[in-house]
Amino acid sequence: MTAAAAGALRRLARVTDRVPPRDRADLPPRWEPSEVEGPRYERWVAAGYFTADADSGRPPFCVVIPPPNVTGSLHIGHALEHTLIDAVTRRRRMQGYDVLWLPGMDHAGIATQNEVEKQLRLDGKSRHDLGRELFVDKVWNWKRESGGAIFGQMRRLGDGVDWSRERFTLDEGLSRAVQTMFTRLYDDELIYRAERIINWCPRCETALSDIEVDHREEEGELVSLRYDLAPAHGSRGDGEGSVVVATTRVETMLGDTGVAVHPDDERYAHLVGREVELPIVGRRIPVVADEAVDPEFGTGAVKVTPAHDPTDFEIGQRHALPAPSILDEVAVVTGTGTRFDGMDRFVARTAVREELRAQGRVVAERRPYLHSVGHCFRCDTVVEPRLSLQWFVRVAPLARAAGDAVRDGRTRIHPPELAKRYFDWVDNMHDWCISRQLWWGHRIPVWYSPEGEMRCLGPGERPPPGWEQDPDVLDTWFSSGLWPISTLGWPESTVDLARYYPTSLLVTGYDILFFWVARMMLFGLYAMDGRPPFETVALHGLVRDELGRKMSKSRGNTVDPLEWMDRYGADALRFTLARGANPGADQAISEAWVEGARNFCTKLWNAARFALANGAQVSDALPPRERLSDADRWILDRIDAVAAESDALLEDFQIGKATEGLYHFTWDEFCDWYLELAKVQLASASAAEPTRAVLGHVLDVVLRLLHPVAPFITDVLWTTLTGRESVVVAPWPVGGAAPSGQDPDGGAAERIAGVRKLVTEVRRFRADQGLAPGQRVAARLSGVDGSGLAAHEAAVRALARLADAGAGFAPTATLQIGVGGRTVLVELDTSGSIDVPAERARLGKDLATTEKELVGCESKLANPRFAERAPADVVAMIRDRRDAALADIERIRARLAALPT
RNA sequence: GGGCGCGUAGCUCAGCGGGAGAGCGCCCGCCUUACAAGCGGGAGGUCGCAGGUUCGAACCCUGCCGCGCCCACCA
């Protein structure tokens with residue numbers, strides 16, 4: 001039988017005959033999150049803990065949720081974001097704020113429309129087969145049936161949102177906000193309609209804004225073409241000379257209406273004003289001089305396709321060139337009068353190139369040629385620049401205000417490094433194309449008369465008979481830009497708007513700073529008379545896979561937070577994400593991390609079970625100082641310090657560090673040392689009672705501190721410990737007096753450090769000597785009196801498993817351990833000879849490190865400049881360290897010398 | 001082409017002027033009456049490279065190398 005199997009058998013035996021003591025609190029031996037979390041959440045909701053109360057008289061604290069798409073389900077990024085928001089708002093609630101965390105969803109124009117169109121396609125239909133009205137009905141139906149799956153998942157995570165204030169961007173009230181905003185901007189001439197080159201997705205058949213286009217380096221081809229000079233009018237024969245232009249999209253040459261060179265480019269000066277003949281098409285097009293051309297680049301001559309390139313469009317405008325479109329809305333060549341009409345753009349690209357090659361027009365080809373290509377952020381189709389009539393927001397005046405609000409500190413961006421990115425964007429923002437050729441969304445509130453007259457109508461205004469509404473809808477970011485004000489009731493003067501605006505905090509990913517945050521700043525400042533929508537914007541990073549790679553469906557390295565919650569519980573997932581959250585920085589995650597967090601929950605659970613089983617209790621006041629042991633005082637000091645630290649970190653959104661600190665306190669100090677020391681105290685009649693009080697107190701505070709991050713387990717344990725209603729509404733244990741109400745006791749801390757050192761040293765020796773942990777070793781301690789550890793001998797013996805030195809005590813080894821400036825002697829009877837080589841090896845290693853330490857200190861102290869310039873406390877510290885090293889070396893040598901040979 | 005950030009233990013990351021840290025992984029030992037989802041002990045790092053500032057540099061400055069991200073109308 002293997003040792004493991006034997007252990008398992010013994011374990012089984014023990015478990016079977018273990019009878020739960022009478023006084024053990026009624027906690028199951030194991031934390032089973034799946035059974036407890038759901039009901040616990042519903043209890044919180046039913047109790048109204050998450051419902052904001054404007055009349056409460058408490059200070060308001062408001063966060064609006066970054067609205068997930070109605071099509072979405074909870075992914076790991078949401079889980080992170082929600083954990084952070086929930087942690088912050090739970091702490092605020094405990095601090096006594098009237099907290100409003102407002103939930104809702106975004107109608108997500110393209111994404112949702114795509115989803116429903118995909119279903120139609122299964123039936124072989126398109127949205128056009130249904131017509132606009134029926135299609136939109138169908139989307140609403142879809143929303144009712146399948147939308148908002150994420151809300152249920154948010155409940156599982158434990159999100160403390162106010163469900164009574166749930167919003168959807170297409171709700172009546174929010175739609176009114178959109179229409180009002182549009183009308184105001186229109187009246188202020190901040191919205192206009194114009195024919196411009198916009199980004200067009202030929203699959204979604206709609207315009208996109210600049211930021212909805214993903215640029216990626218891709219392999220394409222660069223083809224250089226020779227355009228020959230056309231014969232001057234009235235003359236005969238071929239022209240004299242030619243010009244070479246290059247393009248990555250050869251098919252666009254069908255729409256060329258000019259060639260441009262730089263005005264100062266002498267190479268081409270003689271051509272300016274002449275015409276070249278466009279191959280295939282046969283059109284004569286002028287050579288113009290324009291500053292936009294870089295004479296250093298390529299040949300210094302550019303083909304001009306005004307309808308399919310933004311720069312070309314501007315050149316065309318300046319030189320009154322025509323702008324014929326050669327691609328329709330699905331990117332099929334059209335209207336060129338060539339045989340390429342009807343071809344898809346990519347087919348045409350090859351066909352045109354081959355035709356030109358056949359005509360001897362291709363003077364050079366580079367393939368593959370790496371260049372940047374834009375893709376639709378929704379469907380990844382290659383975007384086509386296209387000339388079309390669209391609506392735009394004139395952003396310059398709005399953007400200036402949005403920049404200023406951050407510059408003058410009305411809104412704080414956290415971490416501050418990211419503010420620069422915000423400025424870069426806000427200060428260089430192009431006008432924003434807000435019209436989309438979709439059916440799902442807020443329809444543009446502009447009507448046209450049959451005569452072409454145009455009128456923008458606000459909510460409640462009716463168009464004259466016979467007028468038609470603009471068919472386009474608004475960019476989905478238009479309504480999400482209004483989110484912080486529309487959800488609170490704007491444009492009405494609601495109680496909520498007055499109370500909760502500006503919102504206290506926005507927590508969102510840095511990747512959405514431009515898409516969303518900047519837009520909310522623009523609109524919020526405009527609509528609310530220069531009051532920005534947030535006091536603070538806290539940006540978090542992306543969740544990556546365990547190797548730090550970006551997660552993507554195509555890479556197949558995405559993770560499912562729901563599965564992890566099933567397996568390990570919501571608290572474990574939240575704890576993992578919180579622990580890895582450093583402001584503005586990405587974090588890597590894997591199942592092993594979540595498992596570790598689950599283990600922490602188990603640890604906490606067992607510690608609480610132990611404490612409760614031993615009568616831990618929370619009372620109004622701790623026992624008087626003189627009844628407390630060093631261990632009690634030490635742990636009380638520590639919990640005070642940890643509470644203060646973690647509170648300060650949370651205040652600064654350093655959630656990862658706060659969580660890390662609590663993890664280590666709970667595990668390394670409270671469980672590993674205090675609980676072990678408490679066992680000794682509980683065995684003593686006089687110390688047991690104060691110990692129970694300290695255990696109860698520390699547990700109480702730890703649970704409250706951990707609650708924002710791990711709400712479920714802490715609530716179960718805390719209610720069991722205190723008998724109170726819920727930790728959700730318990731007071732935050734920081735602020736005002738220190739939690740324990742005690743002054744720090746440095747002496748106690750020092751003595752406990754001494755105990756830990758003694759115990760660790762003995763354990764080290766035991767491990768090296770191969771003594772089983774269960775084996776008691778007879779020992780005699782001396783020198784403890786002067787070290788201040790006299791009162792702790794029992795504890796040291798218990799933790800280091802040392803038995804009394806009875807009759808016939810024959811020490812085989814002597815450990816000399818420096819504690820508090822004294823040397824404690826531990827003589828051990830290992831019942832047999834000791835492993836001298838092992839002991840010698842270890843002492844040798846200790847000696848080497850200590851000597852190195854000594855040399856470091858000595859050389860510093862020997863440096864006259866050090867004494868001169870270093871601060872006194874540093875000098876003192878180095879001196880102490882040197883003295884300690886000297887003493888250690890002496891001890892180690894003595895022990896080496898004492899070893900039998 | 002601009003801007004930002006990062007290179008610290010095998011992996012993921014803290015630390016950001018005075019003793020190189022954590023989690024996971026690894027090695028050894030162990031049921032030790034809260035916890036084997038655990039306990040005890042341990043190994044492992046010229047803190048990317050090169051200069052500089054400083055009594056002292058993983059930490060500040062400069063340069064270089066290697067990664068990553070954001071922005072930009074390189075035809």
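Because the structure is a prediction, the values reported are computed rather than measured.

**Focus on the overall build of chain A**
For step 1, the next point in the chain: A count of helices and strands for chain A gives 29 helices and 29 strands.
For step 2, the next point in the chain: A globule of 901 residues ought to have a C-alpha radius of gyration of about 29 Å, yet chain A, at 37 Å, is considerably larger.
For step 3, the next point in the chain: Dimensions along the principal axes, computed over C-alpha positions, put chain A at roughly 130 × 65 × 65 Å.
For step 4, the next point in the chain: With 901 residues in all, chain A has 52% of them scored as buried.
For step 5, the next point in the chain: The contacts in chain A between residues at least 6 apart in sequence include a share of 78% that link residues at least 24 apart.
For step 6, the next point in the chain: For chain A, the accessible area works out to roughly 39900 Å², and carbon and sulfur atoms hold 50% of it.
For step 7, the next point in the chain: Across chain A, the 109 positively charged side chains and the 131 negatively charged ones have centroids separated by 5 Å.

**A closer look at the sheet that holds strand β6 (residues 206-208)**
For step 1, the next point in the chain: Strand order across the open sheet formed by four strands is β6-β5-β14-β16, with antiparallel pairing between neighbours. The two strands at the open ends of the sheet, each matched to only one other strand, are β6 and β16 (432-433).
For step 2, the next point in the chain: Pairing of strand β5 (residues 191-201) with strand β14 (residues 384-393), which is carried by 10 bridges, proceeds in the antiparallel orientation. Within β14, the residue paired with A194 across the bridge is Q390.

**Concerning the environment of L327**
For step 1, the next point in the chain: Inspection of the secondary structure puts L327 in the loop between α9 (310-318) and α10 (345-358).
For step 2, the next point in the chain: Note on L327: relative accessible area 3%, which makes it buried.
For step 3, the next point in the chain: Distance in space between the C-alpha atoms of L327 and L387 is 9.9 Å, their sequence separation being 60 residues.
For step 4, the next point in the chain: Ignoring any residue separated from it by four or fewer positions in sequence, one finds L327 in contact with H308, V332, V333, T334, R345, E384 and R386.

**Focus on the sheet that holds strand β28 (residues 813-819)**
Picture the strands of a sheet paired through backbone hydrogen bonds; they go either parallel or antiparallel.
For step 1, the next point in the chain: If you trace the four strands from one edge of the open sheet to the other, you get β27-β26-β29-β28, paired in mixed fashion. Edge positions in the open sheet fall to β27 (802-803) and β28, since each of these has one partner strand only.
For step 2, the next point in the chain: Of the strand pairs in this sheet, strand β26 (residues 777-782) and β27 are connected by two bridges, and their pairing is parallel. When the bridges of β27 are listed, V777 appears paired with L802.
For step 3, the next point in the chain: Its contacts with the sheet put helix α29 (residues 872-898) on β28 and β29 (822-829), and the angle it makes with β28 is roughly 175°.

**Considering a negative patch on the surface**
For step 1, the next point in the chain: A contiguous patch of negative charge on the surface is contributed by D187, D188, E189 and E461.
For step 2, the next point in the chain: Counting through the fold element by element, E461 comes out in the loop between β19 (454-456) and β20 (468-469).

**Comments concerning unusual backbone geometry**
For step 1, the next point in the chain: Residue P415 follows H414 across a cis peptide bond; omega there is 0°.
For step 2, the next point in the chain: The linkage connecting Y501 with the following residue, P502, adopts the cis geometry, with an omega of -5°.
For step 3, the next point in the chain: When you line up the elements, P502 lands in the loop between α15 (495-500) and β22 (503-509).
For step 4, the next point in the chain: The phi angle at D380 is positive, at roughly 70°, despite the residue not being glycine.
For step 5, the next point in the chain: Mapped onto the secondary structure, D380 falls in the loop between β13 (362-376) and β14.
For step 6, the next point in the chain: For D380, a relative accessible area of 41% translates into the label partly exposed.
For step 7, the next point in the chain: Residue R801 is not a glycine yet carries a positive backbone phi of 55°.

**Description of the confidence of the model for chain A**
For step 1, the next point in the chain: Of the residues in chain A, 96% have a pLDDT of 70 or more, and the chain-wide mean is 89.
For step 2, the next point in the chain: Every residue in residues 1-24 scores below 50 in pLDDT, and together they form seven contacts with partners more than four places removed in sequence or on other chains.
For step 3, the next point in the chain: Predicted complex metrics record ipTM = 0.96 and pTM = 0.91.

**Quick word on the environment of A643**
For step 1, the next point in the chain: Along the chain, A643 falls in helix α20 (residues 630-651).
For step 2, the next point in the chain: For A643, a relative accessible area of 0% translates into the label buried.
For step 3, the next point in the chain: Between the C-alpha atoms of A643 and W483, which are 160 residues apart in sequence, the distance is 35 Å.
For step 4, the next point in the chain: Setting aside residues no more than four positions away along its own chain, A643 makes contact with L705, V734 and P739.

**Quick word on the side chain of E669**
For step 1, the next point in the chain: Summarising the element assignment, E669 is placed in helix α21 (residues 655-682).
For step 2, the next point in the chain: With residues near it in sequence (within four places) discarded, E669 still touches W634, I635, R638, H664, Y674 and R756.

**Quick word on the environment of E793**
For step 1, the next point in the chain: Within the element layout of this structure, E793 appears in helix α26 (residues 793-800).
For step 2, the next point in the chain: Separated by 35 residues in the primary sequence, E793 and L758 have C-alpha atoms spaced 10.0 Å apart.

**As for the nonpolar core**
For step 1, the next point in the chain: Formed by 212 residues in total, the largest nonpolar core has its most connected members in F182, Y422, F478, F670 and V826.
For step 2, the next point in the chain: Examining the composition of this core, we find that 13 residues originate from one element, α21, more than from any other.
For step 3, the next point in the chain: For F478, the residues in contact, after removing those within four places along its chain, are V178, M181, F182, L185, I191, V393, W432, I434 and F523.
For step 4, the next point in the chain: In terms of nonpolar packing, the next biggest core, distinct from the first, is built from 28 residues, L229, M253, L271 and I285 among them.

**Here's the deal with the packing of helix α3 (residues 76-94) against helix α7 (residues 149-157)**
For step 1, the next point in the chain: Between α3 and α7, the shortest axis-to-axis distance is 11 Å and the interhelical angle comes to 50°. Classified by the angle between their axes, α3 and α7 sit oblique to one another. As for how α3 packs across α7, the hand of that crossing is right-handed. Between α3 and α7, the residues in contact are H78, A79, H82 and T83 and I150, M154 and L157, respectively.
For step 2, the next point in the chain: For the contact of α3 with α7, the per-class residue count stands at four nonpolar, three polar and no charged.

**What about the side chain of R386?**
For step 1, the next point in the chain: Topologically, R386 is positioned in strand β14.
For step 2, the next point in the chain: Taking the relative accessible area as the measure of exposure, R386 reaches 14% and is therefore buried.
For step 3, the next point in the chain: Once residues within four sequence positions are removed from consideration, R386 is found in contact with R196, I197, I198, W200, A307, L327, D328 and E329.

**Description of the pattern of salt bridges**
For step 1, the next point in the chain: Per the stated rule, a full pass over the model turns up 65 salt bridges.
For step 2, the next point in the chain: A salt bridge links E329 to R386, with the shortest nitrogen-to-oxygen separation between them at 3.9 Å. Here E329 is found in the loop between α9 and α10, whereas its partner R386 is found in strand β14, with 57 residues between them in sequence.
For step 3, the next point in the chain: Between R549 and D545 there is a salt bridge whose closest N-O contact spans 2.8 Å.
For step 4, the next point in the chain: With relative accessibility at 36%, the residue R549 sits in the partly exposed group.
For step 5, the next point in the chain: Judged by its relative accessible area of 1%, D545 falls in the buried class.

**A closer look at helix α24 (residues 746-768)**
For step 1, the next point in the chain: If you check α24, its first and last C-alpha atoms are 33 Å apart, about what 23 residues at 1.5 Å a residue would give, namely 33 Å.
For step 2, the next point in the chain: When we look at burial in α24, the residues that qualify are A748, I752, G754, V755, L758, V759, E761, V762, F765 and R766.
For step 3, the next point in the chain: For α24, the N-terminal cap is D745; the gap from its side-chain oxygen to the backbone nitrogen of G747 is 3.0 Å.
For step 4, the next point in the chain: Just downstream of α24 lies G770, where phi reads positive at about 70°.

**Considerations on the packing of aromatic side chains**
By convention here, two paired aromatic rings are described through the distance between centres and the angle between planes.
For step 1, the next point in the chain: Taken as a whole and assessed by the stated rule, the structure comprises 29 aromatic pairs.
For step 2, the next point in the chain: Both rings, one in F575 and one in F600, keep their centres 4.7 Å apart while their planes meet at 25°; by these two values the pair is stacked. Pair noted here: F575 is in helix α18 (residues 570-579) and F600 is in helix α19 (residues 591-613), with a separation of 25 residues, a long-range link.
For step 3, the next point in the chain: Overall, F600 belongs to the buried group, its relative accessible area being 2%.
For step 4, the next point in the chain: Here the aromatic rings of Y663 and W667 are separated by 5.6 Å at their centres, their planes lie at 40°, and the arrangement is tilted. Placement of both Y663 and W667 in helix α21 is noted, with a separation of four residues, approximately one turn of the helix.

**As for the state of the cysteines**
For step 1, the next point in the chain: All chains considered together, the criterion is met by zero disulfides.
For step 2, the next point in the chain: Looking at the unpaired C456, the closest cysteine sulfur is the one in C433, lying at 17 Å.
For step 3, the next point in the chain: Under the relative-accessibility criterion, C456 is labelled buried at 9%.

Conventions adopted
- Residues numbered from 1 in each chain as written.
- Chains lettered and ligands numbered in written order.
- Predicted model: local features only at pLDDT ≥ 70, side-chain atom pairs only at ≥ 80, totals over all residues.
- Heavy atoms only, no water.
- Helix = DSSP H or I, 4+ residues; strand = E, 2+ residues; numbered from the N terminus.
- Rg over C-alpha atoms; globule rule 2.2 N^0.38 Å.
- Buried < 20%, exposed > 50% of the residue type's maximum accessible area, 1.4 Å probe, protein only.
- Contact = heavy atoms within 4.5 Å.
- Areas by Shrake-Rupley, 256 points an atom, 1.4 Å probe, with all protein chains shown as cover.
- Lys, Arg positive; Asp, Glu negative; His and termini not counted.
- Charge placed at Lys NZ, Arg CZ, Asp CG, Glu CD.
- Pairing = 2+ DSSP bridges.
- Axes fitted to C-alpha atoms, helices over the stretch in contact; angles between N-to-C directions.
- Patch = residues over 30% accessible without salt bridge, like charges linked within 9 Å, V, L, I, M, F, W, Y side chains within 5 Å.
- Salt bridge = Lys/Arg side-chain N within 4 Å of Asp/Glu carboxyl O.
- pLDDT = per-residue confidence, 0-100.
- Core = buried A, V, L, I, M, F, W, Y, C linked by side-chain atoms within 4.5 Å.
- Parallel < 35°, antiparallel > 145°, perpendicular 65-115°, else oblique.
- Left-handed = near helix turned anticlockwise from the far one by under 90°.
- Nonpolar A, V, L, I, M, F, W, Y, C, P; charged D, E, K, R; others polar.
- Expected span 1.5 Å × (residues − 1).
- Polar contact = N/O pair within 3.5 Å; in protein donor to acceptor, adjacent residues only side chain to side chain.
- Phe/Tyr/Trp six-rings, centres within 6.5 Å; stacked < 30°, edge-to-face > 60°.
- Disulfide = S-S within 2.5 Å.

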